[in-house]
Amino acid sequence: MLIAERVQTIADTLTPAERRLVKEIIAKPRDVALGTAGELARRTGVHEATASRLARKLGFETYAGFRDAIRDEFIVKTDPALRVRRTLETSRGHGMLEMLVQQEIEALTRLSSYVDEERLAAAAAALSDRRRIFIFARGNAETLAVLMNRRLRRMAFETVLVCGDSRDIAEQILSMGPDDALLVFAFRRQPRAYAPLIERAGKVGAVSVVVSGTVGPSLSPKADHLLAAPRAGDADAFQTLTVPMAICNGLILSMAQSDEVRSLSNLEQLGELIGELEGR
């Protein structure tokens, strides 16, 4: 079982300190795999015993065993990313734009280590089979919600953009049923409405898909499908949406590929309608 999957199984029992450890592990697995429990604890501001306790919660007898599993899962798989990192470090300049580009390259290079084709295809298939797709996001992630809403509508999927205050959200998801899907974006922390939304989807039989960053494995309750990968930039400072946008693009293309005839037909009709409306 993958580290992220192990975390998901115990997400409901994680303490705030353990959640901080999880975010650090997912964001910087190489540093964790090559360091000690004490070093990890100091970086995250928790007691060393917390790191050892988390390792045991995840099913490892010792922290050393946990660290070895991280090494085997992440360092071996991300070797190309490490080579890119070393190349970038030797050629790094001082320009802001260049720094951002280098960070994006590094983050995108390691994306497939967190979200593989099988996981992406499973989430795409889950969304494709549903009558309506409810989409929820807060903060900067709302940009991705709007993007997905628009692209899904272009492919003739019926969507509901969930937004507003608690009363608005309640009214919008009231009709959610077993033929529907819930797509949620969650990054720096678990949104207040996250748990009620996932619980509602589970109660009515709707499938749930979450696109997230380092906080993903510790989200509670867990979704049916989790697509989580670290974003570019410092986890405690400025971060971009390039990685989750790549995940969104992957979802859209996978959904289109699963029913290419339908997708192309709808896009052709869309082009014709646009032309008619513009008076072509």
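Only a predicted model underlies this, so the values are computations on that prediction, with no experimental measurement involved. (Residues numbered from 1 in each chain as written. Predicted model: local features only at pLDDT ≥ 70, side-chain atom pairs only at ≥ 80, totals over all residues. Heavy atoms only, no water.)

Q: What is the right way to read helix α4 (residues 37–44) from this model?
A: In an α-helix, one full turn covers 3.6 residues, which means residues spaced three or four apart are oriented alike. By the burial criterion, the buried members of α4 are Ala37, Gly38, Leu40, Ala41 and Thr44. Taken around the axis of α4, the buried residues stretch over an arc of 160°, which confines them to a single face. Gly45 sits one or two residues past α4 and shows a positive phi near 75°. (Buried < 20%, exposed > 50% of the residue type's maximum accessible area, 1.4 Å probe, protein only. Helix = DSSP H or I, 4+ residues; strand = E, 2+ residues; numbered from the N terminus. Arc of directions from axis to C-beta.)

Q: Please explain unusual backbone geometry as it appears in this structure.
A: For residues that are not glycine, phi is negative in most cases, and the peptide bond is trans in most cases. Residue Pro221 is bonded to the preceding Ser220 through a cis peptide linkage, with omega at 0°. Among the secondary structure elements, Pro221 is positioned in the loop between β4 (207–212) and β5 (225–228). Of note, Ala156 is a non-glycine position whose phi angle comes to about 70°, a positive value. Among the structural elements, Ala156 can be located in the loop between α10 (142–154) and β2 (158–162). A relative accessible area of 45% means that Ala156 is categorised as partly exposed.

Q: How should the sheet that holds strand β1 (residues 132–136) be read in this particular structure?
A: Either a parallel or an antiparallel arrangement is found when strands of a sheet pair, and the pairing is made through backbone hydrogen bonds. Taken in spatial order, the five strands of this open sheet run β2-β1-β3-β4-β5, and their pairing is parallel. Edge positions in the open sheet fall to β2 and β5, since each of these has one partner strand only. Ignoring which end each strand starts from, the neighbouring axes of this sheet average 15° apart. Note that β1 and strand β3 (residues 180–186) share five bridges and pair parallel. Among the inter-strand pairings, Phe136 is bridged to a residue of β3, identified as Val184. Sitting on the sheet, helix α13 (residues 242–258) is in contact with β1, β3, β4 and β5, with an inclination near 145° to β4. (Pairing = 2+ DSSP bridges. Axes fitted to C-alpha atoms, helices over the stretch in contact; angles between N-to-C directions. Contact = heavy atoms within 4.5 Å.)

Q: Could you clarify how one ought to interpret the pattern of salt bridges in this entry?
A: Pairing between side chains becomes possible if they bear opposite charge and their charged atoms approach one another. The tally for this structure, following the rule as stated, stands at eight salt bridges. A salt bridge links Asp180 to Arg131, with the shortest nitrogen-to-oxygen separation between them at 3.7 Å. Linking Asp180 in strand β3 with Arg131 in the loop between α9 (117–128) and β1, this pair joins segments that are 49 residues apart in sequence. Of the residues examined, Asp180 reaches a relative accessible area of 0% and is grouped as buried. The partly exposed category is assigned to Arg131, whose relative accessible area is 45%. Across the pair Arg132 and Asp180 runs a salt bridge, and its minimum N-O distance is 2.8 Å. Of the two residues, Arg132 sits in strand β1 while Asp180 sits in strand β3, which places them 48 residues apart along the sequence. A cluster of three or more residues bridged by salt bridges with shared partners is formed by Glu18, Arg53 and Lys57. (Salt bridge = Lys/Arg side-chain N within 4 Å of Asp/Glu carboxyl O.)

Q: Looking at this structure, I do not really get a positive patch on the surface. What am I missing?
A: A surface patch of like charges, here positive, comprises Arg150, Arg151, Arg153 and Arg154. Relative to the helices and strands, Arg150 is located in helix α10. (Patch = residues over 30% accessible without salt bridge, like charges linked within 9 Å, V, L, I, M, F, W, Y side chains within 5 Å. Areas by Shrake-Rupley, 256 points an atom, 1.4 Å probe, with all protein chains shown as cover. Lys, Arg positive; Asp, Glu negative; His and termini not counted. Charge placed at Lys NZ, Arg CZ, Asp CG, Glu CD.)

Q: When you look at the side chain of Glu104 in this model, what are you seeing that I'm missing?
A: Counting through the fold element by element, Glu104 comes out in helix α8 (residues 96–109). Despite its burial, Glu104 remains without a salt bridge, the nearest opposite charge being carried by Arg231 at 9.1 Å. Not counting chain neighbours up to four residues away, the residues in contact with Glu104 comprise Ala232, Thr240 and Thr242.

Q: Any chance you could explain a nonpolar patch on the surface here in plain terms?
A: A cluster of nonpolar side chains, contributed by Leu97, Val101 and Ile105, occupies part of the molecular surface with about 270 Å² of accessible area. Within the fold, Ile105 resides in helix α8. Relative accessible area serves as the criterion here: at 38%, Ile105 is assigned to the partly exposed category.

Q: Looking at this model, I keep getting lost on the pairing of β5. Mind explaining?
A: Residues His225 and Leu227 point to one face of β5 and Leu226 and Ala228 to the other, with burial holding for every one of them. Bridge count for β4 against β5 is four bridges, and the pairing is parallel. In the strand pairing of β5, Ser212 is matched with Ala228.

Q: Just checking my understanding: could you explain the packing of aromatic side chains for this structure?
A: Working definition: an aromatic ring pair is given by the centre-to-centre distance plus the angle between the planes. One pass over the structure, following the stated rule, counts two aromatic pairs. With a centroid separation of 5.4 Å and an interplanar angle of 45°, the aromatic rings of Phe60 and Phe66 are classed as tilted. This pair shows no difference in class: Phe60 is buried, exactly as Phe66 is. Taking the centre distance of 5.8 Å and the plane angle of 75° together, the rings of Tyr63 and Phe66 count as edge-to-face. Here Phe66 and Tyr63 lie together in helix α6 (residues 63–75), a separation of three residues that amounts to about one turn. When sorted by exposure, Tyr63 lands in the same class as Phe66, which is buried. In this structure, Arg231 is placed above the aromatic ring of Phe187, and the distance from its NZ or CZ to the ring centre is 4.7 Å. (Phe/Tyr/Trp six-rings, centres within 6.5 Å; stacked < 30°, edge-to-face > 60°. Lys NZ or Arg CZ within 6 Å of the ring centre and 35° of its normal.)

It is worth stressing that arrangement in space is one thing and function is another; only the former is reported here.
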